[in-house]
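Understanding the architecture of this molecule
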There are 2 protein chains.
Amino acid sequence: MPRGDDDRRVAEKLFAIADAFERGDELTLSEIAERARLPLSTAHRLLGEWVEWGGITRSSDGRYRVGIKLWRLAVRQPSSRRLRIAAKPYLEDLFESTGEHVHLAVREGLGAVYLERMSGVNAVPSITDIGSRLPLHATGVGQALLAFAPPGVFEDVIAAAPRRFLPGTIVDETALRERMVRIRASGVAMSVEALTKGAFSVAAPVRDATGDVVAAVSIIAHVERRDEPQFALGVRIAGRGISAALGYRP
Amino acid sequence: MPRGDDDRRVAEKLFAIADAFERGDELTLSEIAERARLPLSTAHRLLGEWVEWGGITRSSDGRYRVGIKLWRLAVRQPSSRRLRIAAKPYLEDLFESTGEHVHLAVREGLGAVYLERMSGVNAVPSITDIGSRLPLHATGVGQALLAFAPPGVFEDVIAAAPRRFLPGTIVDETALRERMVRIRASGVAMSVEALTKGAFSVAAPVRDATGDVVAAVSIIAHVERRDEPQFALGVRIAGRGISAALGYRP
DNA sequence: TCCCGGATTCCATGGGATGGAAGCGGCTCG
DNA sequence: CGAGCCGCTTCCATCCCATGGAATCCGGGA
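Just so you know, these numbers come straight off a predicted model, no measurement behind them.

Rules of the game
- Residues numbered from 1 in each chain as written.
- Chains lettered and ligands numbered in written order.
- Predicted model: local features only at pLDDT ≥ 70, side-chain atom pairs only at ≥ 80, totals over all residues.
- Heavy atoms only, no water.
- Axes fitted to C-alpha atoms, helices over the stretch in contact; angles between N-to-C directions.
- Helix = DSSP H or I, 4+ residues; strand = E, 2+ residues; numbered from the N terminus.
- Parallel < 35°, antiparallel > 145°, perpendicular 65-115°, else oblique.
- Contact = heavy atoms within 4.5 Å.
- Nonpolar A, V, L, I, M, F, W, Y, C, P; charged D, E, K, R; others polar.
- 1 Å grid on protein atoms, 1.4 Å probe; cavity = no way out; pocket = protein on both sides within 12 Å on 5 of 7 lines; lining within 4 Å.
- Points joined across faces, edges and corners; volume = space filled by probe spheres on them.
- UniProt positions renumbered as here; feature names shortened; annotations may be inferred.
- Buried < 20%, exposed > 50% of the residue type's maximum accessible area, 1.4 Å probe, protein only.
- Pairing = 2+ DSSP bridges.
- Near = heavy atom within 4 Å.
- Polar contact = N/O pair within 3.5 Å; in protein donor to acceptor, adjacent residues only side chain to side chain.
- Least-squares fit on C-alpha atoms with pLDDT ≥ 70 in both.
- Core = buried A, V, L, I, M, F, W, Y, C linked by side-chain atoms within 4.5 Å.
- Buried area = accessible area lost by both parts, 1.4 Å probe.
- Salt bridge = Lys/Arg side-chain N within 4 Å of Asp/Glu carboxyl O.

**Considering the packing of helix 1 (residues 10-19) of chain A against helix 3 (residues 40-53) of chain A**
Residue and element names in this part refer to chain A. Look at helix 1 against helix 3: their axes get within 10 Å of each other, and the N-to-C directions meet at 80°. The angle between the axes of helix 1 and helix 3 places the two elements in the roughly perpendicular class. Only Thr42, Ala43, Leu46, Leu47 and Trp50 of helix 3 make contact with helix 1, whose side of the interface consists of Val10, Lys13, Leu14, Phe15, Ile17 and Ala18. Looking at the contact of helix 1 with helix 3 residue by residue, the class counts come to nine nonpolar, one polar and one charged.

**Concerning empty space enclosed by the protein**
Residue and element names in this part refer to chain A. Per the counting criterion, the structure on display carries one cavity of 30 Å³ or more. By volume, the largest cavity amounts to about 150 Å³. Along the walls of the largest cavity sit 18 residues, with Thr139, Leu195, Thr196, Ser201 and Ile220 positioned nearest its centre. Listed by contribution, the elements that provide at least two residues to the lining of the largest cavity are strand 6 (189-192) and strand 7 (199-207). Among the elements that make up the lining of the largest cavity, the one with the highest residue count is strand 7 (three residues). Across the lining of the largest cavity, the residue classes break down as 10 nonpolar, seven polar and one charged.

**Topic: the UniProt feature "domain: IclR-ED" (unreviewed entry) in chain A**
Sites flagged by UniProt as "domain: IclR-ED" (unreviewed entry) map to residues 69-248 of chain A. The straight-line gap between the two end C-alpha atoms of residues 69-248 of chain A is 32 Å; of that span, 41% is helix and 23% is strand.

**Some thoughts on the pairing of strand 4 (residues 111-118) of chain B**
Residues and elements named next belong to chain B. Strand 4 sits mainly inside the fold: seven of its eight residues count as buried. Here strand 3 (residues 101-108) pairs with strand 4 via seven bridges, running antiparallel. In the strand pairing of strand 4, valine 106 is matched with valine 113. In terms of strand pairing, strand 4 meets strand 5 (residues 133-135) through three bridges, oriented antiparallel. Looking across to strand 5, one finds that glycine 111 is bridged to proline 135.

**Examining the protein's contact with DNA strand C**
Lining the immediate environment of DNA strand C, one finds 17 residues, of which Arg9(A), Ser30(A), Arg58(A), Thr42(B) and Arg45(B) sit closest. Put simply, 74% of the atoms of DNA strand C that lie within 4 Å of the protein are in sugar or phosphate. Here Arg58(A) contributes a side-chain N or O atom positioned 2.8 Å from a phosphate oxygen of DNA strand C. In the environment of DNA strand C, a base oxygen lies 3.2 Å from a nitrogen or oxygen atom belonging to the side chain of Ser41(B). For the surface near DNA strand C, the elements supplying multiple residues, two or more each, are helix 2 (29-35) and helix 3 of chain A together with helix 1 (10-19) and helix 3 (40-53) of chain B. If one sorts the elements of the surface near DNA strand C by residue count, helix 3 of chain B sits on top with three residues. Partitioned by chemical class, the residues of the surface near DNA strand C number six nonpolar, six polar and five charged.

**Things to note about the relation of the copies chain A and chain B**
Aligned on chain B, chain A shows an RMSD of 0.2 Å; the corresponding rotation is 180° and the shift along the axis is 0.1 Å. Look at the turn and shift together and you get a two-fold axis relating the two. When you check the interface residues of chain A against chain B, 98% turn up at the interface there too, and the contact is symmetric in its surfaces.

**A short note on the nonpolar core**
Ile17(A), Trp50(A), Leu83(A), Ile17(B), Trp50(B) and Leu83(B) are the most contacted members of the largest nonpolar core, which totals 105 residues. When neighbours within four sequence positions are excluded, Trp50(B) is seen to be in contact with Phe15(A), Leu14(B), Phe15(B), Ile17(B), Ala18(B), Gly55(B), Ile56(B) and Leu70(B). Ranked by size, the runner-up nonpolar core spans 23 residues in total, among them Leu134(A), Val141(A), Ala144(A) and Phe148(A).

**Here we look at the sheet that holds strand 7 of chain A**
All names here are of chain A. Strand order in the open sheet made by the six strands is 5-4-3-8-7-6, with antiparallel pairing throughout. One side of each edge strand has no neighbouring strand; the edge strands of this open sheet are strand 5 (133-135) and strand 6. Here the strands of the sheet are splayed against their neighbours by 30° on average, with no regard to which way each runs. With five bridges joining them, strand 3 (residues 101-108) and strand 8 (residues 213-222) adopt antiparallel strand pairing. Bridge pairing in strand 8 places histidine 101 opposite isoleucine 220. Set on the sheet, helix 6 (residues 140-147) makes contact with strand 3, strand 4 (111-118), strand 6, strand 7 and strand 8; between it and strand 8 the angle comes to about 155°.

**A look at the interface of chain A and chain B**
In this assembly, 46 residues from chain A lie in contact with 46 residues from chain B. For the pair chain A and chain B, the two sides together bury roughly 4200 Å², of which 61% comes from carbon and sulfur. Considering only the side of chain A, the residues that lose the most area to chain B are Phe15(A), Trp71(A) and Arg72(A), jointly responsible for 17% of the buried surface there. Between Arg72(A) and Glu22(B) there is a salt bridge, with its nearest N and O atoms 3.2 Å apart. The interface formed by chain A and chain B holds eight residue pairs in polar contact (both at pLDDT 80 or more) in total. Listed by contribution, the elements that provide at least two residues to the side of chain A that touches chain B are helix 1, helix 3, strand 2 (64-66), helix 4 (68-75), helix 5 (78-98), strand 3 and strand 4 of chain A. A total of eight residues in the side of chain A that touches chain B trace back to one element, the largest contributor, which is helix 4 of chain A. Grouping the constituent residues of the side of chain A that touches chain B by class yields 21 nonpolar, five polar and 20 charged.

Structure below.
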């Protein structure tokens with residue numbers, strides 16, 4: 001028993017292994033053991049469990065990768081499927097009428113996760129990809145999600161010391177809180193050069209049948225176009241439309 | 001210690017909980033415990049682990065659902081992403097030129113899992129949806145995947161006593177084995193009224209850079225059109241094209 | 001053939017998983 | 001209004017099985 005400071009229970013170790021794939025593609029046993037900070041033999045045994053279940057598969061070259069089982073489990077998840085299906089036509093409309101990046105995102109903890117994305121070839125450069133996770137305070141969607149998040153989330157964001165990416169990033173508690181109030185009042189969140197130089201984003205919330213804000217739609221475009229009213233209008237209408245499609249009756 | 005016949009280790013129990021969501025959407029603790037065949041308190045504790053990790057989330061009404069974390073993990077999986085991206089244009093072509101159902105599927109154990117699907121409004125009725133899993137022996141894609149699967153898979157299929165869905169379903173070992181040989185020779189699999197009345201499906205394998213068959217493309221159409229050459233030709237060309245896009249050099 | 005790095009297997013030990021039971025909270029019905 | 005019920009949560013004494021260091025295996029490069 002060398003040290004007891006990193007004792008974790010079985011589940012945590014299993015999950016640590018899954019987390020090793022967070023930004024990794026195909027990993028060898030040793031890589032996984034290292035990332036999960038587990039002894040080789042332990043990692044080996046637990047990987048065996050994952051593989052037996054099918055959550056992780058082993059390719060012919062001996063490397064491990066996330067299995068289709070997990071994908072199936074996640075993709076068939078009815079509520080997010082419903083959301084994506086309801087949103088599709090609205091996102092397409094938005095995209096076709098603006099030609100800019102169009103996103104659908106949901107909140108996961110203190111991040112905004114991108115469920116769907118459509119992007120034009122000559123839109124402003126942006127790294128956001130499906131499945132990406134960006135901080136709540138630094139994007140339009142993030143702020144829209146944060147403004148309507150359950151109590152406590154805002155405090156968590158502040159406690160986590162929001163990072164300043166660019167001069168335009170709002171990190172001050174009072175400024176951020178005030179912005180939340182404005183977003184709740186107007187129903188639209190706009191953030192200018194908060195994360196990406198030369199870009200701004202407008203976002204609107206999406207509600208489900210119970211009235212909870214479950215997602216947000218956004219457009220990202222060149223910063224010079226920030227004052228054109230079509231963007232804010234577009235996301236607001238899309239937000240309402242998707243909400244209605246989900247059964248929300250105001 | 002009432003009985004020791006259903007002892008399972010921690011990992012198995014955790015996974016049994018995940019499996020409870022297989023065909024379920026939002027579940028209560030008791031439902032999960034029942035489906036996973038676990039005592040309530042155990043299910044409760046392990047669910048807690050899942051929730052803490054984020055693989056399962058708890059909605060405002062107290063029900064549990066698969067979390068976005070799992071979705072992210074699965075959707076960012078590079079190899080299947082690569083496959084989907086490579087396949088997209090070919091599937092669209094196929095779909096636009098035929099107007100029938102077009103599928104991309106991979107093998108998971110003894111099933112074919114549908115990764116991508118495009119379907120016309122007036123195509124033959126079919127229940128297959130993204131994330132579905134159909135038996136290998138009873139569909140075009142399934143047979144294409146089975147024909148090129150690693151040794152042992154065919155035997156497993158036979159051992160699992162393939163089910164006869166319709167008179168057209170091939171369940172006999174010799175007939176199935178012979179068909180595999182033909183598929184390997186011709187590079188195309190066709191199955192007529194094996195799973196769905198009035199429908200036939202043609203499929204072709206997709207290879208990755210190492211030459212392994214990693215997926216299959218298929219078209220499902222009305223059975224009367226089974227002799228039109230465009231379908232077999234189409235999937236074969238699509239199969240080759242996607243393989244090439246994945247780096248396969250024959 | 002030998003070597004080396006990575007993967008796999010082994011096994012004695014003790015700490016964490018276990019699940020029955022009790023406690024809790026909200027809802028219904030008499 | 002109180003009793004009863006149902007589903008969820010918490011507790012904790014017992015004991016099982018997860019643990020990980022070490023030995024072994026395997027494959028490929030020299």
